[in-house]
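Residues per chain, in single letters:
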Amino acid sequence: LETLLSAAGPADRALLVLAGAALPQAGRALAERAGATIGAVRARNPGLVLTLDPLEFRGWRYHRELAFSIFAHNSGEELGRGGRYLGPGDEPATGLTLYPDAVLRAAAAAAPPARCYLPWGHDRAAAAVLRGGGLATVAALAPDQDPPSEGRRLSCTHILLGAQAIAL
């Protein structure tokens, strides 16, 4: 038990501890499976930080072999968890539940889209091209005296002059 407790932590170190541990045959098979799984994950994403806790168990009795939790560097909360289990007919499967609120809190805020002010009487075809390219457009509802100032007031990053979007 002491050896298994000391194995918890960074995956590479944990696997070394488990490799040197006196484990029963079933425990050795699980440790080898953990090593193979970590190797497969690393092959796909070498920069991913992985930890291993051979004693982690939260009472999900249907899980078999490996269970896992997902965390992000910028969040102290669990983003999701899952594991291996047996499905109908004892078919091996892996499942994952993500916690959307936690994922959204950990996700980087998206940069606001560029906004283009469309002065009164603007070129509608050019505006359609801008929207098709992903630019948000804000159209004037009436003529104004200073379209660039009005565009800045409306938090626009560009203004449509003729058929061109010009940075404000």
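Refer to the structure presented above.
A quick note: this is a predicted structure, and the numbers were derived from the prediction, not measured.

A. Region of the structure containing the sheet that holds strand β8 (residues 158–161). Ordered in space as β7-β6-β8-β9, the four strands form an open sheet in which the pairing is mixed. Strands with a single pairing partner mark the edges of an open sheet, and in this sheet they are β7 (136–139) and β9 (164–167). Neighbour to neighbour, the strand axes of the sheet diverge by 35° on average, direction disregarded. Note that β8 and β9 share four bridges and pair antiparallel.

B. Layout of the pattern of salt bridges. With the rule as written, the count across this model stands at four salt bridges. Here E77 and R105 are joined by a salt bridge, their closest N and O atoms 2.8 Å apart. Of the two residues, E77 sits in the loop between β3 (63–70) and β4 (80–86) while R105 sits in helix α4 (residues 100–106), which places them 28 residues apart along the sequence. For E77, a relative accessible area of 28% gives the class partly exposed. On the accessibility criterion, R105 (55% relative accessible area) is exposed.

C. Representation of the state of the cysteines. Scanning all chains against the criterion turns up zero disulfides. C156 provides the cysteine sulfur closest to C116, a residue in no disulfide bond, and the two sulfurs are 7.0 Å apart. On the accessibility criterion, C116 (0% relative accessible area) is buried.

D. Fine view of helix α2 (residues 11–19). Three or more residues of α2 are buried, namely A11, A14 and L18. Within α2, the buried residues cover an arc of 60° as seen down the axis, which keeps them to one side. Along α2, the residues that are exposed and aim more than 90 degrees away from the buried face are L16 and A19. If you follow the buried residues of α2, they end up packed against α1 (2–7), β1 (9–10), α3 (25–44) and β2 (51–52).

E. Representation of the environment of V129. Positionally, V129 belongs in helix α5 (residues 124–132). Classification of V129 by relative accessible area gives exposed; the value is 62%. Along the sequence, V129 and T3 sit 126 residues apart, while their C-alpha atoms lie 64 Å from each other.

F. Representation of the nonpolar core within the structure. Within the largest apolar cluster, 10 residues are counted, these being A7, A11, A14, L18, A31, A34, I38, L50, L52 and L66. Looking at this core, the elements that each hand over two or more residues are α2 and α3. Beyond its immediate stretch of four places on either side in the chain, A34 contacts L15, L52 and L66. The next biggest cluster of nonpolar side chains, apart from the first, holds seven residues, and it includes A127, L130, L135 and L160.

G. Representation of the packing of α2 against α3 within the structure. One way to put it is that α2 packs onto α3 with a least axis distance of 10 Å and a crossing angle of 155°. With respect to α3, the element α2 is oriented roughly antiparallel. Like other packed secondary-structure pairs, α2 and α3 cross with a definite hand, here left-handed. Contacts from A11, D12, L15, L18 and A19 in α2 reach R28, A31, A34, G35, I38 and R42 in α3. When its residues are assigned to classes, the contact of α2 with α3 shows seven nonpolar, one polar and three charged.

Definitions and limits used
Residues numbered from 1 in each chain as written. Predicted model: local features only at pLDDT ≥ 70, side-chain atom pairs only at ≥ 80, totals over all residues. Heavy atoms only, no water. Pairing = 2+ DSSP bridges. Helix = DSSP H or I, 4+ residues; strand = E, 2+ residues; numbered from the N terminus. Axes fitted to C-alpha atoms, helices over the stretch in contact; angles between N-to-C directions. Salt bridge = Lys/Arg side-chain N within 4 Å of Asp/Glu carboxyl O. Buried < 20%, exposed > 50% of the residue type's maximum accessible area, 1.4 Å probe, protein only. Disulfide = S-S within 2.5 Å. Arc of directions from axis to C-beta. Contact = heavy atoms within 4.5 Å. Core = buried A, V, L, I, M, F, W, Y, C linked by side-chain atoms within 4.5 Å. Parallel < 35°, antiparallel > 145°, perpendicular 65-115°, else oblique. Left-handed = near helix turned anticlockwise from the far one by under 90°. Nonpolar A, V, L, I, M, F, W, Y, C, P; charged D, E, K, R; others polar.

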